[in-house]
There are 2 protein chains.
Amino acid sequence: MINKLIRKIQETNAPVVVGLDPMLDYVPRQIQQKAFDEYGETLRGAAEAIWQFNKEIVDRIYDLVPAVKPQIAMYEQFGVEGMEAYKKTVDYCHQRDLVVIGDVKRGDIGSTSAAYAAGHLGKVRVGGAVCSGFDEDFATVNPYLGSDGVKPFIEVCKEEKKGLFILVKTSNPSSGEFQDQLVSGKPLYELVGEKVARWGEEHMGDTYSYVGAVVGATYPEQGKALRKVMPNTLILVPGYGAQGGRGKDLVHFFREDGLGAIVNSSRGIIAAYKQEAYARYGEERFAEASRAAVEDMIADIRGALETR
Amino acid sequence: MINKLIRKIQETNAPVVVGLDPMLDYVPRQIQQKAFDEYGETLRGAAEAIWQFNKEIVDRIYDLVPAVKPQIAMYEQFGVEGMEAYKKTVDYCHQRDLVVIGDVKRGDIGSTSAAYAAGHLGKVRVGGAVCSGFDEDFATVNPYLGSDGVKPFIEVCKEEKKGLFILVKTSNPSSGEFQDQLVSGKPLYELVGEKVARWGEEHMGDTYSYVGAVVGATYPEQGKALRKVMPNTLILVPGYGAQGGRGKDLVHFFREDGLGAIVNSSRGIIAAYKQEAYARYGEERFAEASRAAVEDMIADIRGALETR
């Protein structure tokens, strides 16, 4: 799956992920209304609204980008019905041949991590049958519990040829509170980065490891340092756009070959129609606004990589 | 809810949580068979089996303990259908007046943490209506992303009078890999513990904070140190029994008043019938074996507290 992701990045010439993180506020009124007419102002109504919203956006952008990253929290807030919308979204993106990165940030100890890994990336045995739960291609993982929290994910990834992105340095303002603390003279995120590189050696694709890292666009200097610490690691970079990151800040997350990073934008794409720059599309043509925002983001990143 | 939890601990005289972490292997054959006959060897069949298993155990133990802690990973591995079984379990435990600690170990940045908090502890607005997702009483939270990942949970807890248990020092063997790293001469888990104490001051119950901590039973020395760092924090202690912790190791997690900690056992209770000590109950009377194991655990902890 890492080889497929790299190939798709090359084919689209777009190291870009669209974050499918639908807040109900982003969903245009006509879609909300239709869903509520059918299912009421209920969890099911909300779930239907975000699913229809996602579907229209995916239909408009699937040919431009290699991957999408649904943020499961935005579905989980609507309970079981929200989880159904998440699963439908994963399956639909697969139909459109998109690589699906489940932004689930799970992480626990041994057998519990194994259960998360089975549910999101692997299979479970039920009597004599073998079933899949959510079946994403990649999942994000929180490393705070250490190797024996991460290894069960890697085991499942090996069996399934799937991958991970481990949180190393997150994009939020207070990420430094623990992640930047100096341990023997270097920040904790570097120690985590070194571990990611080592875990990654256990499960290599053709040029990149199946074990990737998350490093926020809002921390370009840290990205530069971590690029060196993790030479064969694909870096997933959140925080572009709405959180403040720009193409020129991101060049050091990439390797010299122009690969090595994949940049996520969520709100900046899926709620583009709410921005002044794309207001001309209006609420009715929200998915076209998303397509235009993806095109602009790709151009920004390509431009930055070409002129570095 | 923290006041209710403390009151229930006093009423039952049992600082004990039963971890409802059903692996399909734990579920006796007669329950599996009935579920598979009805729903097939499918995710739905598995979900039905773990739900029926939970229900029988809860019916047998609800009067002995103040709280249960379902581990969501064990449900999530069965996809959407598993999440339905999780929700049914939460609701059923509420009917039995048990405090429900959702062991979800979520944690993300700002608006995403807010969505998790809304989904597990709070409410979401859908049009003019207000709905609840999973509706647990407490949730476990991963602190790696720092204050702005944790604060949205605390905000929701304030509104709903609900609580958190933040991972400080986890029970697994490699928890030290990052958590024990020295930061300015003290281990990271202590730094996290200090933060938990400070976050806790923002949302106090009568005697304990709504913001609790997770410290593994397998690390009694660290528990002793953290008890001092977090004087008003209720400590959730996993790792009793199957992971190796025993009552005598745990006395220092408690305050002098015999309160201040609540000890979890999962496999040791719900799969008790598989242990030699409870084999006499057999597969048919698995829930009675669980009750006996709870009684033994309570006696062990009470005894240790009385003789310290």
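Look above for the structure.
## Looking at the packing of aromatic side chains
Each pair of aromatic rings is reported with the distance of its centres and the angle of its planes. Residues and elements named next belong to chain B. Summed over the entire model, instances satisfying the criterion amount to 12 aromatic pairs over all chains. Look at F53 and F286: their rings are 5.2 Å apart centre to centre, the planes differ by 20°, and that puts the pair in the stacked class. Here F53, found in helix α3 (residues 43-61), pairs with F286, found in helix α12 (residues 286-306); they are 233 residues apart in sequence, far enough to count as distant. One exposure class covers both F53 and F286, and it is buried.

## Observations concerning the pattern of salt bridges
Close approach of charged atoms allows side chains with opposite charge to pair. Considering all chains together, one arrives at 51 salt bridges over all chains under this definition. A salt bridge links D59 of chain A to K55 of chain A, with the shortest nitrogen-to-oxygen separation between them at 3.9 Å. Here D59 of chain A and its partner K55 of chain A are both found in helix α3 (residues 43-61), four residues apart, which amounts to about one turn of the helix. By relative accessible area, D59 of chain A is classed as partly exposed at 26%. The salt bridge partner of K158 of chain B is E202 of chain B, with a shortest N-O separation of 3.9 Å. Of the two residues, K158 of chain B is situated in helix α7 (residues 147-160) and E202 of chain B in the loop between α9 (188-201) and β10 (211-215); the sequence distance between them amounts to 44 residues. The exposure class assigned to E202 of chain B is partly exposed, which follows from its relative accessible area of 35%.

## A few points about helix α12 (residues 286-306) of chain A
For α12 of chain A, which comprises 21 residues, the first-to-last C-alpha distance of 30 Å matches the rise-based estimate of 30 Å (1.5 Å per residue) to within 8%. Burial in α12 of chain A covers these residues: F286, A287, A289, S290, A292, A293, V294, M297, I298, I301, A304 and L305 of chain A.

## With respect to the relation of the copies chain A and chain B
For the match of chain A to chain B, the screw axis carries a shift of 0.0 Å, the RMSD comes to 0.0 Å, and the turn is 180°. The transformation just described matches what one would write down for a two-fold rotation axis. Looking at chain A, 97% of its interface residues are interface residues in chain B too, so the copies touch through the same face.

Here is what the cut-offs are and how they apply
- Residues numbered from 1 in each chain as written.
- Chains lettered and ligands numbered in written order.
- Predicted model: local features only at pLDDT ≥ 70, side-chain atom pairs only at ≥ 80, totals over all residues.
- Heavy atoms only, no water.
- Phe/Tyr/Trp six-rings, centres within 6.5 Å; stacked < 30°, edge-to-face > 60°.
- Helix = DSSP H or I, 4+ residues; strand = E, 2+ residues; numbered from the N terminus.
- Buried < 20%, exposed > 50% of the residue type's maximum accessible area, 1.4 Å probe, protein only.
- Salt bridge = Lys/Arg side-chain N within 4 Å of Asp/Glu carboxyl O.
- Expected span 1.5 Å × (residues − 1).
- Least-squares fit on C-alpha atoms with pLDDT ≥ 70 in both.
- Contact = heavy atoms within 4.5 Å.

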